[in-house]
Amino acid sequence: MDYLFNSAWWMRNRHAQTILPRFFRPLQKVPVQFEELTTPDGDFLELAWAQEKRPDAPLAIILHGLEGNINSFYAKGMLKALTRSGFDAVLMHFRNCSRAANKLPRAYHSGETSDLGFLIHTLKQRFVDRPLYAVGFSLGGNVLAKYLGEQRQHSGLQGAAVISAPHHLSSSCQVIRKSCYGLYQKYLLDRMKRSFSRKLDTIADVLAVNEQQLHAINDLWQFDNLITAPLHGFDGAEDYYTQASAQNYLKHIVTPTLLIHAQDDPMLSSQAVPQSEQVSDSVTLAVSRKGGHVGFISGNNPFKPEFWLEKAVPHYFNSLSAKSHV
């Protein structure tokens with residue numbers, strides 16, 4: 001399969017590719033079973049399992065984007081596509097993105113990889129003989145790429161796919177602030193403030209932010225500078241962006257990884273577009289001219305859009321599985 005995406009003739013606009021896919025399948029449902037996995041620090045990770053009860057099937061972890069969850073269109077679509085392709089799949093909700101607020105005075109961020117590492121370790125212990133893969137979207141893609149670069153040959157994964165990841169966070173934040181007349185920034189901030197309002201009592205001893213101050217934030221950089229960074233031990237937004245960006249880790253990836261990106265992504269900067277000299281030999285670069293942000297809609301019929309990612313990622317994982325059995 002050619003992993004370079006060709007946009008649908010009727011959807012070449014980058015904002016259309018980014019915004020419209022969530023409206024194509026409004027009634028799509030994926031049956032899942034929820035599990036609360038207790039973390040080493042006494043908190044929990046909410047997992048959403050889409051299983052077909054196949055004891056020998058490979059497993060795939062899905063990591064959602066900023067303020068995403070099991071209801072995100074790309075998450076549901078990928079869960080269904082992977083299970084149809086012979087995988088059991090599980091979505092890991094980042095802390096504070098699950099149905100209930102987490103217990104500890106912390107949340108999640110673009111560079112937090114310890115929860116992913118704990119989940120992978122747990123699954124490797126539960127399912128000793130089953131191969132394990134992971135796919136990350138947007139922020140989840142940055143987390144996955146950084147994890148892979150940190151762990152190198154010890155990732156515990158047989159393969160990975162990283163989609164529309166903000167590999168360079170600082171410049172991508174500046175793009176989001178301005179892109180589409182601030183629409184993306186407002187959408188994300190509204191969701192971030194709504195979910196974070198659940199944690200104000202929990203973080204009161206760590207961060208002095210009240211409801212009024214939280215809802216007065218109208219800028220993504222300001223949110224990260226006032227909340228994300230200090231809550232997680234960073235010295236301001238720029239320090240957070242520098243330490244959490246996956247870009248400097250791409251060269252150290254040993255796990256076979258498909259890295260999908262669009263040059264016209266309206267939510268990421270040109271500096272976030274991975275270059276061949278920035279990645280290791282284990283990375284298959286699939287940088288297309290079009291595709292938007294986690295869009296990649298193809299097909300000739302506007303009434304039957306094709307979700308290209310849902311073909312490319314399972315195909316890549318299955319090709320790796322076939323190679324391992326040769």
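The rules behind the values
Residue positions within a chain follow its written sequence, with the count starting from 1. With pLDDT at 70 or above as the cut-off, local features in this predicted model cover only qualifying residues; side-chain atom pairs require 80 or more to be listed or tallied, and sums for whole chains, interfaces and linings still use all residues. Heavy atoms from the whole structure form the basis of all side-chain values; hydrogens and water molecules are not counted. Counting from the N terminus, the helices are the DSSP runs of H or I reaching at least four residues and the strands are the DSSP runs of E reaching at least two. Exposure classes here rest on a 1.4 Å probe applied to the protein chains alone. A residue is buried below 20% of its type maximum, exposed above 50%, and partly exposed in between. Salt-bridge detection follows one rule: a side-chain nitrogen of Lys or Arg within 4 Å of a carboxyl oxygen of Asp or Glu. Any Phe, Tyr or Trp ring, taking Trp's six-membered ring, that has another such ring centre within 6.5 Å forms a pair; planes under 30 degrees apart are called stacked, those over 60 apart edge-to-face, and the others tilted.

Student: Give a description of the environment of L4 that names residues and reports values.
Tutor: Here L4 is to be found in the segment before α1 (14-19). Under the relative-accessibility criterion, L4 is labelled partly exposed at 42%. The sequence separation of L4 and R289 amounts to 285 residues, and the corresponding C-alpha distance is 9.0 Å.

Student: I'd like a rundown of the pattern of salt bridges, residues and numbers included.
Tutor: Think of it this way: side chains of opposite charge can pair up when their charged atoms draw near. Per the counting criterion, the structure on display carries 14 salt bridges. When the shortest N-O distance is used, the salt bridge between E46 and R99 registers 2.7 Å. Residue E46 is located in strand β2 (residues 44-50), and its partner R99 is located in the loop between β4 (88-92) and α4 (114-126); the two are separated by 53 residues in the primary sequence. A relative accessible area of 59% places R99 in the exposed class. Note that K146 and E150 form a salt bridge whose closest N and O atoms lie 2.6 Å from each other. Taken together, the residues K146 and E150, both in helix α5 (residues 139-151) and four residues apart, mark about one turn of the helix. For K146, a relative accessible area of 7% translates into the label buried. Linked through salt bridges whose partners overlap, the residues forming this network are D41, D43, R95, R106, E112 and D115.

Student: How would you sum up the packing of aromatic side chains? Please name residues and give values.
Tutor: In this description, a pair of aromatic rings is defined by centroid distance and the angle of the planes. Counted according to the given criterion, the structure contains 17 aromatic pairs. Seen from their ring centres, W10 and F24 are 6.3 Å apart, and the 65° between their planes marks the pair as edge-to-face. Of this pair, W10 sits in the segment before α1 while F24 sits in helix α2 (residues 21-24); the two residues are 14 residues apart in sequence, bridging distant segments of the chain. Of the residues examined, F24 reaches a relative accessible area of 28% and is grouped as partly exposed. An angle of 85° between the planes, with centres 5.5 Å apart, marks the rings of F73 and Y74 as edge-to-face. Taking the relative accessible area as the measure of exposure, F73 reaches 14% and is therefore buried. Given a relative accessible area of 13%, Y74 falls into the buried group. The structure contains a cluster of three or more aromatic residues connected by ring pairs, namely Y3, F87, Y133, Y316 and F317.

These figures capture arrangement, not role.
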